[in-house]
Amino acid sequence: MVKGTYYFTKGFMWGTATAAHQVEGHNTNNTWFAWEQEESRILNRDRSGLACDWWGGRWREDFDRAQASAQNAHRLSIEWSRIQPAPDRWDENALDRYREMLIGLQDRKMTPMVTLHHFSEPLWVAEMGGWENEEIIELFTKFVEKTVAALKPYCHLWVTINEPNVFAFNAYIDGVFPPGKQDVKIALDVLRHMVLAHARAYHVIHELQPEARVGTAINYRGFKPASQWPWDRWMAKLHHHLFNNVFVQALHTGTFKALGKKQKLDRVSGTQDFLGLNYYTGEYVRFNPFAPDQFFARRFFRPDSLLSETGFIAHDPQGLVECVKWGNQFGVPMIITENGVEDREDVLRPRYLVEHLHALWRVINDNYPVEGYFYWTLVDNFEWERGWSQRFGLWELNQKTQARVRRPSAELYEEICRINGISSEVTARYAPEAMQTLFP
Ligand code: FCB
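Just so we're clear, the structure is a prediction, and the values are computed from it rather than from any experiment.

Asker: So what's going on with the state of the cysteines? Residues and values would help.
Answerer: Scanning all chains against the criterion turns up 0 disulfides. No disulfide involves Cys323; its sulfur sits 19 Å from that of Cys417, the nearest cysteine. Free cysteine Cys417: the closest other cysteine sulfur is in Cys52, separated by 19 Å. With a relative accessible area of 7%, Cys417 lands in the buried category.

Asker: Give me helix H13 (residues 408-419): which residues, what numbers.
Answerer: For H13, which comprises 12 residues, the first-to-last C-alpha distance of 17 Å matches the rise-based estimate of 16 Å (1.5 Å per residue) to within 8%. For H13, every residue scored as buried is listed here: Ser409, Ala410, Leu412, Tyr413, Glu414, Ile416 and Cys417. At the exit of H13 stands Asn420, carrying a positive phi of roughly 55°.

Asker: Pulling in residues and values, what's your account of the packing of helix H9 (residues 184-208) against helix H10 (residues 230-253)?
Answerer: Two elements in contact, H9 and H10, have axes whose closest approach is 10 Å; the angle formed by their N-to-C orientations is 35°. As for the relative orientation of H9 and H10, their crossing is right-handed in sense. Mapping the contact onto sequence places Leu191, Met194, Val195 and His198 in H9 and Val246, Phe247, Ala250 and Leu251 in H10. Split by residue class, the contact of H9 with H10 holds 7 nonpolar, 1 polar and no charged.

Asker: Residues and numbers for the nonpolar core, please.
Answerer: Residues Trp131, Phe140, Trp158, Leu360 and Tyr373 are the most contacted members of the largest nonpolar core, which totals 150 residues. With 13 residues, the top contributor of residues to this core is H9. Leu360 has contacts with Phe8, Phe12, Leu320, Val324, Ile336, Val370 and Tyr373, leaving out every residue within four places of it along the chain.

Asker: Just give me the short version of the side chain of Arg349, but keep the residues and values in it.
Answerer: Inspection of the secondary structure puts Arg349 in helix H12 (residues 349-365). The exposure class assigned to Arg349 is buried, which follows from its relative accessible area of 0%. Beyond its immediate stretch of four places on either side in the chain, Arg349 contacts Val341, Glu342, Asp343, Tyr375, Arg391, Phe392, Gly393, Leu394, Arg407 and Ser409.

Asker: Got a sec to walk through the pairing of strand S3 (residues 73-77)? Specific residues and values, please.
Answerer: Among the 5 residues that make up S3, 5 are buried, leaving the element largely enclosed by the rest of the structure. By the alternation rule, side chains of S3 split into Ala73, Arg75 and Ser77 and His74 and Leu76, which are all buried. Bridge analysis of strand S2 (residues 13-17) against S3 gives 3 bridges, and the strand direction is parallel. Bridged to Gly15 within S3 is Ala73. Pairing between S3 and strand S4 (residues 111-117): 5 bridges, direction parallel. The residue bridging Arg75 from the neighbouring strand is Met113, located in S4.

Asker: I'd like to hear about the packing of H12 against H13, residue by residue, with values.
Answerer: One can describe the packing of H12 onto H13 by two numbers: an axis separation of 9 Å at closest approach and a directional angle of 25°. As summarised for this structure, H12 and H13 are arranged roughly parallel, according to the angle between their axes. Between H12 and H13 lies a crossing of right-handed hand. In this structure, H12 contributes Arg349, Pro350, Leu353, Val354 and Leu357 to the contact, and H13 contributes Ser409, Leu412, Tyr413 and Ile416. Counted by class, the contact of H12 with H13 contains 7 nonpolar, 1 polar and 1 charged residues.

What counts, and at which threshold
Residues numbered from 1 in each chain as written. Predicted model: local features only at pLDDT ≥ 70, side-chain atom pairs only at ≥ 80, totals over all residues. Heavy atoms only, no water. Disulfide = S-S within 2.5 Å. Buried < 20%, exposed > 50% of the residue type's maximum accessible area, 1.4 Å probe, protein only. Helix = DSSP H or I, 4+ residues; strand = E, 2+ residues; numbered from the N terminus. Expected span 1.5 Å × (residues − 1). Axes fitted to C-alpha atoms, helices over the stretch in contact; angles between N-to-C directions. Left-handed = near helix turned anticlockwise from the far one by under 90°. Contact = heavy atoms within 4.5 Å. Nonpolar A, V, L, I, M, F, W, Y, C, P; charged D, E, K, R; others polar. Core = buried A, V, L, I, M, F, W, Y, C linked by side-chain atoms within 4.5 Å. Pairing = 2+ DSSP bridges. Parallel < 35°, antiparallel > 145°, perpendicular 65-115°, else oblique.

What follows is the structure, encoded as structure tokens:
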């Protein structure tokens, strides 16, 4: 065994990522709140409720935790329904709260990254048809303008829209996110509207703040054919194209290309200063003529894969290498805006963490430009339609008492952030099962 340390580049951003609806609590004016009130939409009928009580001020103690753990950045999101509770009403107090949070990060020497849309919209927007109605492009632009004008002294890294691909698929094909539709045509319209909304936001942010860096966070999923049979290969390609490519390619080329249709969009090409990558897992794709609603395929994890606690994620660190190599074709620097695993007992997480970071180190060492890494997430939070069943936090949360308990992975991540690298000593201490991969 060789002892040593895999060092990351100087100035590398180390943080965690969160989203407003998942951590703030008492978000009662958005699409997810309404969704939570409906029967059988959320596993175990869970509700976001108080969440991590950030709106009540507990962001302070959580930012303290992050800072004390040597993190130098944090990604959070702004809840549109708080800033603009009604079409003709802006809530300056809500903007003040976010201002305070961003100053809170600055005071702790942590670089803020702000997401402007992370899966939730105000109810009044939903009533107008949400992302199906192209009027949302204008509405979103106004919200962005207002928010960025107010918060620009404290932030220069903006993610316009989180995972447009997951949003469009989950809300309009699988139907597990609000508004729960299953219609491919609508899903593609939504995705196109998101491309246009992103591009408008990009230009508005740059007008307000020329030094801003603006991007999106795309969810990259590796799709491998279940066999070498041409139909399986074709299906894997189709899934890769629709899920991974369409959105980012449109931002790069200015052409929205999906299912045989091509549309040239104005002022869209070149509207990203960085590419945010959310990577969790990859899966296999098998042709299935009986699944038209799933684009004629069944997707699955290989039976021999190492699965996470709730079977949500198959451990595939090599997929992160493929993700970065794929992302590099768009010619802008990359940031890993999310990566993590749900694991209440912290059994797989230490290994997941070091093996993914080692994979990331390798690809950075091959000169792929990656500027930072945000673990998902700091403290257990409300995981959308999976409710509280999934525990992604470095800290465990008791929602009732609001007590936080540090998991061993929090210490491991702290060691990594502190030395800006992964050492054999730290790996042996926290993730001995990864020694074979990292220090053979
Ligand atoms: C991503 C979401 C994030 C969180 C993680 C587990 O798709 O962006 O909000 O739910 O998955």
